[in-house]
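# Structural overview for review
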Amino acid sequence: MSRPPAFLVSESETAEARQERRQVTGRSSGESFADLLRAMVPGAACELVQTVEAGPAGEPSRDLAGYDAVFLAGSPLHVYEESPAVRRQLSFMQAVFASATPCFGSCAGLQIAVAAAGGRVRQNKRGHEVGIGRRILRTAAGQDHPLLSERPDVFDALSLHSDEVEALPPGSTLLATNRVTTVQAAEIRHDGGVFWGVQYHPELPLEEIADALRRQGEEIVDQKLARSEADVEGYAAAIEDLGRDPGRHDLAWRLGLDEQVTDARSRRSEISMFVRHLVEPTRSQRGRA
């Protein structure tokens, strides 16, 4: 008899960052991810581990090969900065690769996997990509890859980052790109493991992107993406209202969005495809399905 899927969600936010986010949205990034996985894969057991921390909180409850998938949540972490938290994250990801357990990551999760496999990450020289990542283009490889099989050739996605992948590591395939961020989606094969990741946020609801925009209002104005924090608030409010009522075609029109962002199933398609095309076959190979 097969057992329910066992997922491990790695939180790369520090304790301070997790608490700050909870005060605004009610959940840390990892908690948001785990809640979504439970909804998408009924019966799945989701364990959270704070891999930026030393001690028991940073240790999974079982060997990494005992999980069916590992998910890396986003965070404000800059992987090119030398710190104990970054070193712990990279060490954890290297262990995930060696375990051969399928792994998916968004935003900082992609950057952690890149750096752990020998690639490079830097501050985005084209500026911040916040709110919506526009005109993301599937590459030739991306058109044939299952991760993006439910996306059109060009699409928008929820996005919130100031860093970018400068160079993918050996064994990588670029799957999607746009004008602001060269690496929007990629597959990384390293040390026996497979990672699929994206720079945008398929795991987040629009309301949490709106909360993040409000938290970063001053920075967004400094980047000249808005004239004032009041403008940021107006934009965030429109995104939040659309999240609460996806049928608001007037808001979708005003924001220039289609179902790739407004429809939850379309927005989360990368996670669904990861589970279907990488996690489930690996479970079968391991005798768990």
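Data block above holds the structure.
First things first, this report covers the structure right here in the doc. (Residues numbered from 1 in each chain as written. Predicted model: local features only at pLDDT ≥ 70, side-chain atom pairs only at ≥ 80, totals over all residues. Heavy atoms only, no water.)

## So, the overall build of the chain
Put simply, the rule reads: In DSSP terms, a helix is any run of H or I states spanning at least four residues, a strand is any run of E spanning at least two, and both are numbered starting from the N terminus. The globule rule is 2.2 Å times the number of residues to the power 0.38, and the radius of gyration it is compared with is taken over C-alpha atoms. Any two residues whose heavy atoms approach within 4.5 Å are treated as being in contact. Here the accessible surface of atoms and residues is derived via Shrake-Rupley with a 1.4 Å probe, and residues count as covered only by protein chains that are part of the display.
Helices and strands together make up the secondary structure of the chain, namely 12 helices and 11 strands. Relative to a compact globule of 289 residues, whose C-alpha radius of gyration would be 19 Å, the chain shows 18 Å and is just as compact. Expressed along its principal axes, the backbone C-alpha trace of the chain runs to roughly 50 × 40 × 35 Å. Of the contacts formed within the chain by residues at least 6 apart in sequence, a portion of 72% connects residues at least 24 apart. When the accessible area of the chain is evaluated, it comes to approximately 12300 Å², of which 48% is carbon and sulfur surface.

## A look at a negative patch on the surface
What counts, and what does not: A patch consists of residues whose relative accessible area exceeds 30% and which take part in no salt bridge; residues with like charges are grouped when within 9 Å of each other, and nonpolar side chains (Val, Leu, Ile, Met, Phe, Trp, Tyr) when within 5 Å. We count a salt bridge whenever a side-chain nitrogen from Lys or Arg sits within 4 Å of a carboxyl oxygen from Asp or Glu. Positive charge is attributed to Lys and Arg, negative charge to Asp and Glu, and no charge count is given to His or to the chain ends. All charge positions are set by atom: Lys at NZ, Arg at CZ, Asp at CG, Glu at CD.
On the surface, Glu218, Glu219, Asp222 and Glu229 cluster together into a negatively charged patch. Mapped onto the secondary structure, glutamate 229 falls in helix 8 (residues 229-244).

## A short note on helix 4 (residues 108-116)
Owing to its 3.6 residues per turn, the α-helix aligns residues three or four sequence positions apart on the same side. Inclusion rule: Only protein chains enter the calculation, and the probe is 1.4 Å; a residue is then buried if its accessible area is under 20% of its type maximum, exposed if over 50%, and partly exposed in between.
Counting buried positions along helix 4 yields eight of nine residues, so the element is predominantly enclosed. Ala108, Gly109, Leu110, Gln111, Ile112, Ala113, Val114 and Ala116 are the residues of helix 4 that are buried. Two residues or fewer past helix 4, glycine 118 is found with a positive phi of approximately 105 degrees.

## Some words on unusual backbone geometry
The backbone of cysteine 107 shows a phi angle near 55 degrees, a positive value even though the residue is not glycine. Within the secondary structure layout, cysteine 107 lies in the loop between strand 4 (103-106) and helix 4. For aspartate 191, which is not glycine, the phi torsion reads 50 degrees and is therefore positive. Checked against the element boundaries, aspartate 191 lands in the loop between strand 10 (185-190) and strand 11 (193-198).

## Remarks on the pattern of salt bridges
Applying the stated rule across the entire model yields 24 salt bridges. The salt bridge partner of aspartate 156 is arginine 134, with a shortest N-O separation of 3.2 Å. A residue pair is termed long-range when its members are at least 10 positions apart, and aspartate 156 in strand 7 (residues 154-161) and arginine 134 in strand 6 (residues 129-138) qualify at 22 residues. Judged by its relative accessible area of 14%, aspartate 156 falls in the buried class. Of the residues examined, arginine 134 reaches a relative accessible area of 26% and is grouped as partly exposed. Arginine 138 serves as the salt-bridge partner of aspartate 153, at 2.6 Å between the closest nitrogen and oxygen. Taken together, the positions of aspartate 153 in the loop between helix 5 (140-143) and strand 7 and arginine 138 in strand 6 put the pair 15 residues apart, joining distant regions of the chain. With relative accessibility at 39%, the residue aspartate 153 sits in the partly exposed group. Each of the salt bridges in this network shares a partner with another, and the network as a whole consists of Arg21, Arg27, Asp35, Arg38 and Glu208.

## Concerning the packing of helix 3 (residues 84-99) against helix 4
Think of two packed helices as two axes; the pair is described by the angle between the axes and how far apart they sit. Selection rule: Throughout, an axis means a line fitted to C-alpha atoms (over the contacting stretch in the case of helices), and angles, computed between N-to-C directions, take values from 0 to 180 degrees. Orientation categories follow fixed angle ranges, with anything under 35 degrees roughly parallel, anything over 145 roughly antiparallel, 65 to 115 roughly perpendicular, and all other angles oblique. In this classification, Asp, Glu, Lys and Arg are treated as charged, Ala, Val, Leu, Ile, Met, Phe, Trp, Tyr, Cys and Pro as nonpolar, and every other residue, Gly included, as polar.
Between helix 3 and helix 4, the shortest axis-to-axis distance is 9 Å and the interhelical angle comes to 75 degrees. Accordingly, the angle class assigned to the pair helix 3 and helix 4 is roughly perpendicular. Across from Gln89, Leu90, Met93, Gln94 and Phe97 in helix 3, the residues of helix 4 making contact are Ile112, Ala113, Ala115 and Ala116. Split by residue class, the contact of helix 3 with helix 4 holds seven nonpolar, two polar and no charged.

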